[in-house]
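Fold and contact review
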Amino acid sequence: MMVYAECEYFIPTAQSLKDKRAILQRMLTRTKQKFNVSIAEIDHQDTWQRTRLAIVTVASAREAADREMMRALQYLASNPSWEELNVWRDYV
């Protein structure tokens, strides 16, 4: 079972693309290290206060994949450097 999610965040503390990339890179790296997911920025690469991330996880059972995705999404939402705008999830 595969779970795919897209998340959009507003980054009010970013004053430049350099600020945004520092925040984003730190969260992408930590998320990959902590959870069994793949994650990448898929939109708003040239916008300095906004990002859209794609996250995917694969497991033998839907419950295990869903649990891992929920843990990763909760971790991302807990970042005080940004505000969650939208989360969309699909099961494949």
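Heads up: these notes are all about the structure in this document. (Residues numbered from 1 in each chain as written. Predicted model: local features only at pLDDT ≥ 70, side-chain atom pairs only at ≥ 80, totals over all residues. Heavy atoms only, no water.)

On to helix α2 (residues 62-77), then. Over its 16 residues, α2 runs 22 Å from end to end, which matches the ideal 22 Å to within 8%, given 1.5 Å per residue. If you check which residues of α2 are buried, you get Ala 65, Glu 68, Met 69, Ala 72, Leu 73, Tyr 75 and Leu 76. In an axial view of α2, the angular spread of the buried residues amounts to 160°, which keeps them on one side of the axis. Relative to its buried face, α2 has exposed residues pointing more than 90 degrees away, namely Glu 63, Arg 67 and Gln 74. Buried-residue contacts for α2 involve β1 (2-10), α1 (17-34), β2 (38-43), β3 (50-58) and β4 (83-91). (Helix = DSSP H or I, 4+ residues; strand = E, 2+ residues; numbered from the N terminus. Expected span 1.5 Å × (residues − 1). Buried < 20%, exposed > 50% of the residue type's maximum accessible area, 1.4 Å probe, protein only. Arc of directions from axis to C-beta. Contact = heavy atoms within 4.5 Å.)

Within the element layout of this structure, Arg 50 appears in strand β3. Sequence separation of Arg 50 and Val 87 is 37 residues, and the distance between their C-alpha atoms is 14 Å. For Arg 50, the contacting residues outside a window of four places in its chain are Glu 8, Tyr 9, Lys 20, Glu 41, His 44 and Leu 85. Reaching out from Arg 50, the side chain makes a polar contact with the side chain of Glu 8 at a distance of 2.6 Å. (Polar contact = N/O pair within 3.5 Å; in protein donor to acceptor, adjacent residues only side chain to side chain.)

On to unusual backbone geometry, then. One non-glycine residue, His 44, adopts positive backbone phi at about 65°. Within the secondary structure, His 44 sits in the loop between β2 and β3.

This paragraph deals with the pairing of β3. With nine bridges joining them, β1 and β3 adopt antiparallel strand pairing. If you follow Tyr 9 over to β3, its bridge partner there is Thr 51. Bridge analysis of β2 against β3 gives five bridges, and the strand direction is antiparallel. Bridge pairing in β3 links Glu 41 to Leu 53. Adjacent in sequence and paired antiparallel, β2 and β3 are bridged by six residues, among which His 44 carries a positive phi angle near 65°. (Pairing = 2+ DSSP bridges.)

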